[in-house]
Amino acid sequence: MQTADVVIIGGGIVGSSIACHLTAAGCPNVLVIERESAQGKGSTGKSMGGVRAQFSTPVSIQMSLYSIPFYASFEERLGYPCDYRPQGYLFCATSDAHMAYLRTNYAQQISLGLKNVRLLPGDEIRGMFPQLRADDIVGGSFCSSDGFVDPYSAMTGFMTRAAEHGATLWKNAAVTGLLRDAHGIASVETTRGSVATRRVVNCAGAWAASVARFVSVDLPVEPLRRMLVPSEPFDEFPHTAPMIVDMSNGFHFRPEARGFLLAWNDPEETPGFKTDFDPAFVEKILTRAADRVPCFANLPVNSKRAWAGLYEMTPDHHPILGEAPGVPGFFLANGFSGHGVMHAPATGKILSDLILTGKTHLIDASLLGLSRFAEGRLIHETAVL
Ligand SMILES: Cc1cc2nc3c(=O)[nH]c(=O)nc-3n(C[C@H](O)[C@H](O)[C@H](O)COP(=O)(O)OP(=O)(O)OC[C@H]3O[C@@H](n4cnc5c(N)ncnc54)[C@H](O)[C@@H]3O)c2cc1C
């Protein structure tokens, strides 16, 4: 029978980062199992690639404080590019309540050591982007080290580096079951046969709950469709712009190639494995786009280029990390609630630490364990886009 020190289920950006961190820490016999014919066919290949440290909870901020410098030095560290572009995130507040919220978050971010974040008066935002309809913008918050990466490049960079250090990637191989013995996990059943191992990491993204069911673990991770609309080339708004977030309704956009990528969280969306793009979404998002950026009334959009993917939502919008209670050797790296690309480097480090040493200094990992749901210790992240 094939053996591995650690088996990772799912070859998206999270599984790839964990493989990379494990091999870098001296654990080379890592097997990543991906059911698709290629990596990136889950959420990673659908992502908007935004990376930010402007969160509301200490643990989310701490994960970004590891991840963003990691992305900034990705090529130096791993030898492959991830196309990190520090163009920033600009949150535009349209009420005093928004501004108070940004102020509280700012204080938290600064206290944890974030350097490049600042609060802006409305006039400064109007000066920076006169193209915005800014009559109702009372101020905002901007962090210049936030920005974007290319999720596909980051994922393949992590995996290639892991493979150079001994890891193996199986494609076209689905995990169909997990077997246990008196000590915990004993083997992984796959469409390519069994693999004997004592340690397994669930990195199955939006499909993580079905993997957890193999060992009767109830994982509160629900798929939620997210749609993105890219524009055709458009020069009436600067391409050096950050991710701009309209806090009045959650509409946000960023430059992409010679055009812009538009996003909005439709409150009418319901959980489910829906990955088809709904053409009716185009009008909904363009209405919001033109409302905040009047020149976007002329934005050329080809709805055939738009796409949909899945967020993997938890009830408190934080990931579930660490060993599952009652199943020794079954580790979880799930439920990123739309932040899995930006938090993949930290997740790789945290899981590698927990698997190899049982502890991590990066965060207080007990905060993100699965037991928080049964124990009523939820910590709500509200800065979710
Ligand atoms: C439209 C959209 C925009 C987003 N924008 C951002 C953003 O701006 N910033 C950000 O940080 N995040 C963003 N996200 C979220 C981000 O994409 C995810 O959090 C991240 O990709 C999760 O990575 P993952 O590796 O856990 O999951 P995935 O990339 O989904 O990988 C999981 C893999 O597991 C495989 N798998 C599942 N079950 C099995 C099995 N039984 N056997 C073998 N393989 C299996 C799947 O095939 C898949 O390849 C966005 C997501 C979407 C959909």
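To keep things clear, this report deals only with the structure shown in the data block.

Each value, and the rule that gives it
Residues numbered from 1 in each chain as written. Predicted model: local features only at pLDDT ≥ 70, side-chain atom pairs only at ≥ 80, totals over all residues. Heavy atoms only, no water. Helix = DSSP H or I, 4+ residues; strand = E, 2+ residues; numbered from the N terminus. Rg over C-alpha atoms; globule rule 2.2 N^0.38 Å. Buried < 20%, exposed > 50% of the residue type's maximum accessible area, 1.4 Å probe, protein only. Contact = heavy atoms within 4.5 Å. Areas by Shrake-Rupley, 256 points an atom, 1.4 Å probe, with all protein chains shown as cover. Lys, Arg positive; Asp, Glu negative; His and termini not counted. Charge placed at Lys NZ, Arg CZ, Asp CG, Glu CD. Pairing = 2+ DSSP bridges. Phe/Tyr/Trp six-rings, centres within 6.5 Å; stacked < 30°, edge-to-face > 60°. Lys NZ or Arg CZ within 6 Å of the ring centre and 35° of its normal. Axes fitted to C-alpha atoms, helices over the stretch in contact; angles between N-to-C directions. Salt bridge = Lys/Arg side-chain N within 4 Å of Asp/Glu carboxyl O. Core = buried A, V, L, I, M, F, W, Y, C linked by side-chain atoms within 4.5 Å.

Right, let's get into the overall build of the chain. When helices and strands are tallied, the chain shows 10 helices and 20 strands. For 385 residues, the compact-globule estimate of 2.2 N^0.38 gives 21 Å, and the chain sits close to it at 21 Å. On the principal axes, the C-alpha backbone points of the chain span a range of 65 × 45 × 40 Å. Looking at the chain as a whole, 55% of its 385 residues qualify as buried. Sequence-distant contacts in the chain: of pairs separated by 6 or more residues, those separated by 24 or more amount to 73%. Summed over its atoms, the accessible surface of the chain is roughly 15000 Å², and 52% of this surface lies on carbon and sulfur atoms. Looking at charge distribution, the chain has the averaged site of its 32 positive side-chain charges lying 3 Å from that of its 37 negative ones.

When you tally the buried positions in strand 5 (residues 89-93), you get 5 out of 5 residues, the bulk of the element. Judged by which residues are buried, strand 5 turns out to be covered on both faces: Tyr89, Phe91 and Ala93 on one side and Leu90 and Cys92 on the other are all buried. Both strand 5 and strand 7 (residues 139-143) contribute to a ladder of 5 bridges, which runs antiparallel. Bridge assignment links Tyr89 to a residue of strand 7, and that residue is Cys143.

The next thing to look at is the packing of aromatic side chains. Under the counting rule described, the total for this entry stands at 19 aromatic pairs. Between Phe70 and Phe158 the ring centres are 5.8 Å apart and the planes differ by 35°, which places this aromatic pair in the tilted class. With a gap of 88 residues between them, Phe70 in helix 2 (residues 58-72) and Phe158 in helix 6 (residues 151-164) connect regions that are remote in the sequence. Per residue, the accessibility class of Phe70 equals that of Phe158, and both read buried. An aromatic cluster of at least three residues, connected via ring pairs, comprises Phe129, Phe234, Phe237, Phe251, Phe253, Phe260 and Phe296. Seen from the ring of Trp170, Arg192 lies directly overhead, with NZ or CZ sitting 4.3 Å from the centre. If you follow Arg288 out to its NZ or CZ, it ends over the ring of Trp264, 3.9 Å from the centre.

So, on to the sheet that holds strand 14 (residues 222-230). Across the sheet, 8 strands lie side by side as 6-7-5-15-16-17-14-18; this open sheet has mixed pairing. Of all the strands in the sheet, just strand 6 (117-121) and strand 18 (307-313) have a single pairing partner and so form its edges. Each strand of the sheet is rotated relative to its neighbour by a mean of 25°, with strand direction disregarded. In this structure, strand 14 lies alongside strand 18, joined through 7 bridges in antiparallel fashion. Bridge pairing in strand 18 links Arg225 to Leu310. Sitting on the sheet, helix 4 (residues 96-111) touches strand 5, strand 6 and strand 7, and the angle it makes with strand 6 is about 155°. Along the sheet face, helix 8 (residues 280-292) touches strand 14, strand 15 (243-246) and strand 17 (259-263) and points at about 110° away from the line of strand 17.

Our next topic: the pattern of salt bridges. Applying the stated criterion across every chain yields a total of 19 salt bridges. A salt bridge links Arg133 to Asp136; its shortest N-O distance comes to 3.5 Å. Here Asp136 falls in the partly exposed class, since its relative accessible area comes to 24%. For Asp316, the salt bridge identified is with Arg372, shortest N-O distance 2.7 Å. Of this pair, Asp316 sits in the loop between strand 18 and strand 19 (320-323) while Arg372 sits in helix 10 (residues 371-374); the two residues are 56 residues apart in sequence, bridging distant segments of the chain. A cluster of three or more residues bridged by salt bridges with shared partners is formed by Arg133, Asp135, Asp136, Asp246, Asp291 and Arg292.

Moving on: the nonpolar core. Inside soluble globular proteins, nonpolar side chains tend to come together where they are buried. Counting 67 residues, the largest nonpolar core has Ile8, Tyr71 and Val201 as its most contacted members. Ignoring anything within four residues of it in the chain, the contact list for Val201 reads Val6, Val7, Ile8, Ile9, Ile18, Phe331, Ala333, Leu351 and Ile355. Grouped together as the second largest cluster of nonpolar side chains are 31 residues, Met227, Phe237, Ile285 and Ala308 included.

Purely geometric stuff here, so don't read any function into it on its own.
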